[in-house]
Amino acid sequence: MANRVQIPTNNSALIAMIADEDTVVGFLLAGVGNVDIRRKTNYLIVDAKTTVKQIEDAFKEFTTREDIAIVLISQYVANMIRFLVDSYNNPVPAILEIPSKDHPYDPANDSVLSRVKYLFNTESVASDRR
């Protein structure tokens, strides 16, 4: 239990977003948005002009910031940087892939779901050995 990752409790933890404009605006209207004193936001709007490098940089920044507890990323955007998403293994911030208006959710591409399936398959094999 000593190895548990602690979420900062002195301030509220944020949710970061990497998604298309409609998805980000919806979450901003729900109150998820934040701009700090250095003019850093907790979201990246991905459009046709956004490069993969910008998406990679935003993902790396959001996953290293201590004030972010969850990173929501559209699944089609996550597919652009799948190597980064699949290699990320820290519990905080949690990475959740979400559908977007123009791109339906595909459970076969969800990294979290594939890890859960792997764990349950491993547990079922281990329980069969007992």
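Analysis parameters
Residues numbered from 1 in each chain as written. Predicted model: local features only at pLDDT ≥ 70, side-chain atom pairs only at ≥ 80, totals over all residues. Heavy atoms only, no water. Phe/Tyr/Trp six-rings, centres within 6.5 Å; stacked < 30°, edge-to-face > 60°. Helix = DSSP H or I, 4+ residues; strand = E, 2+ residues; numbered from the N terminus. Buried < 20%, exposed > 50% of the residue type's maximum accessible area, 1.4 Å probe, protein only. pLDDT = per-residue confidence, 0-100. Salt bridge = Lys/Arg side-chain N within 4 Å of Asp/Glu carboxyl O. Polar contact = N/O pair within 3.5 Å; in protein donor to acceptor, adjacent residues only side chain to side chain. Core = buried A, V, L, I, M, F, W, Y, C linked by side-chain atoms within 4.5 Å. Contact = heavy atoms within 4.5 Å.

In this structure the tally under the stated criterion is 1 aromatic pair. Ring centres of Phe59 and Tyr88 lie 6.1 Å apart, and the angle between their planes is 80°; on these two criteria the pair is classed as edge-to-face. Of this pair, Phe59 sits in helix H2 (residues 52-64) while Tyr88 sits in the loop between helix H4 (82-87) and strand E4 (94-98); the two residues are 29 residues apart in sequence, bridging distant segments of the chain. Of the two residues, Phe59 and Tyr88, both sit in the buried class.

As a note on interpretation, predicted positions should not be read in detail where pLDDT is low. Chain-level statistics for the protein give a pLDDT mean of 84 and a share of 85% at 70 or above. Between the elements of the protein, mean pLDDT differs from a low of 65, seen in helix H5 (residues 111-129), to a high of 96, seen in H2.

In this structure, Pro93 follows Val92 across a cis peptide bond, with omega equal to 0°. Of note, Pro93 is situated in the loop between H4 and E4. Its identity is not glycine, yet Arg39 carries a phi of approximately 65°, on the positive side. Here Arg39 shows up in the loop between helix H1 (21-29) and strand E2 (43-45).

Let us now look at the pattern of salt bridges. Across all of its chains, the model carries 8 salt bridges by this definition. Across the pair Arg65 and Asp67 runs a salt bridge, and its minimum N-O distance is 3.0 Å. Residue classification places Arg65 among the buried positions, given a relative accessible area of 14%. Overall, the relative accessible area of 29% leaves Asp67 in the partly exposed class. For the salt bridge of Glu97 with Arg82, the shortest nitrogen-to-oxygen distance reads 2.8 Å. Residue Glu97 is located in strand E4, and its partner Arg82 is located in helix H4; the two are separated by 15 residues in the primary sequence.

For H1, the N-terminal cap is Asp20; the gap from its side-chain oxygen to the backbone nitrogen of Asp22 is 3.3 Å. Immediately beyond the C-terminal end of H1, within one or two residues, lies Gly31, with a positive phi of roughly 100°.

Next up on the list: the nonpolar core. One broad rule of soluble globular proteins: the nonpolar side chains tend to lie buried together. Counting 20 residues, the largest nonpolar core has Ile18, Phe59 and Ile73 as its most contacted members. Of all the elements in the fold, those that place two or more residues in this core are strand E1 (14-19), H2, strand E3 (68-74), helix H3 (75-80) and H4. A total of 4 residues in this core trace back to one element, the largest contributor, which is H2. Beyond its immediate chain neighbours, meaning those up to four positions away, Ile73 contacts Ile18, Phe59, Ala78, Ile81, Ile95, Leu96, Glu97 and Ile98. In terms of nonpolar packing, the next biggest core, distinct from the first, is built from 6 residues, Met17, Ala19, Val24 and Ile98 among them.

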